[in-house]
Amino acid sequence: MDLKRIGKVVNTFGIAGVLKIYTTTNKIDERFKKGKEVIINNNKYIINSFSHKSFNCILLKLEGVTNINEVQDLVNKDVFQDIVLEDGEFFLDDIIGMDVYSIDDKLLGVVNDYREINDIYYFVIENKLVPYIKNRFVEKIDFKDKRVILTQLGEETLL
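What you see is a predicted model; the values in this text were computed from it and never measured.

## Notes on the sheet that holds strand β1 (residues 2-13)
Reading around the circumference, β1-β2-β5-β4-β3-β6 is the order of the 6 strands in this closed barrel, with antiparallel pairing throughout. Averaged over all neighbouring strand pairs, the angle between strand axes comes to 50°, with direction disregarded.

Laid out in structure tokens, this is it:
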């Protein structure tokens, strides 16, 4: 299990203690399912319910919370969850800071960030975007050595 950031409390909603969360996970329905545990401001909470407000924004109701005064201090706090990843799964945040190499082991730069555009994730490398399409642009991600290895086509996107 690994404690991962899955969102941020951006505001409250109404007077019943509902939180407005900006999510940073692509598995919203799984991560915010009723009964799951989240950690906010070093405190554990059980999810009572959630609803989608917009693309990456949800409304979250926590068990035992009945009014706005109980959650005011959670605004601007990150939301974490203990997560077990399946084989081959990773968090995009784990890629940030990794060195980027060509297929012939030439250092090309560092992953500074990532973006999602039209349902495709892109690694930001030296202010250029490389689509994360395995075996087409990205040959391999080596978590042990903290390296991203690009295909020749991926390398050409940096030129």
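Don't stop here, the text continues.
## Overview of the pairing of strand β8 (residues 107-117)
In the sheet, strand β7 (residues 99-101) pairs with β8 via 3 bridges, with the strands oriented antiparallel. Pairing of valine 100 across the sheet is with glycine 109, part of β8. What sits between the antiparallel neighbours β7 and β8 is a turn of 5 residues, in which aspartate 105 has the positive phi angle 70°. Where β8 lies against strand β9 (residues 120-125), 6 bridges are found, and the strand directions are antiparallel. Residue pairing in the sheet places aspartate 113 in a bridge with valine 124 of β9. Between β8 and β9, which pair antiparallel one after the other, the connecting turn spans 2 residues, and asparagine 118 there sits at a positive phi close to 50°.

## Re the sheet that holds strand β11 (residues 138-142)
As summarised here, the arrangement of the 6 strands in space is β10-β9-β8-β7-β12-β11, forming an open sheet in which the pairing is mixed. The open sheet has two edge strands, β10 (128-131) and β11, and neither has a second partner. The mean inter-strand angle of the sheet, taken between neighbouring strand axes irrespective of direction, is 40°.

## Concerning the pairing of β11
Judged from the 4 bridges that link them, β11 and strand β12 (residues 147-150) form a sheet pairing that is antiparallel. By the bridge assignment for β12, lysine 140 is matched with isoleucine 149. Two successive antiparallel strands, β11 and β12, enclose a turn made up of 4 residues, where lysine 146 displays a positive phi of approximately 55°.

Conventions and cut-offs
- Residues numbered from 1 in each chain as written.
- Predicted model: local features only at pLDDT ≥ 70, side-chain atom pairs only at ≥ 80, totals over all residues.
- Heavy atoms only, no water.
- Pairing = 2+ DSSP bridges.
- Helix = DSSP H or I, 4+ residues; strand = E, 2+ residues; numbered from the N terminus.
- Axes fitted to C-alpha atoms, helices over the stretch in contact; angles between N-to-C directions.

Any link to function would need more than the numbers given here.
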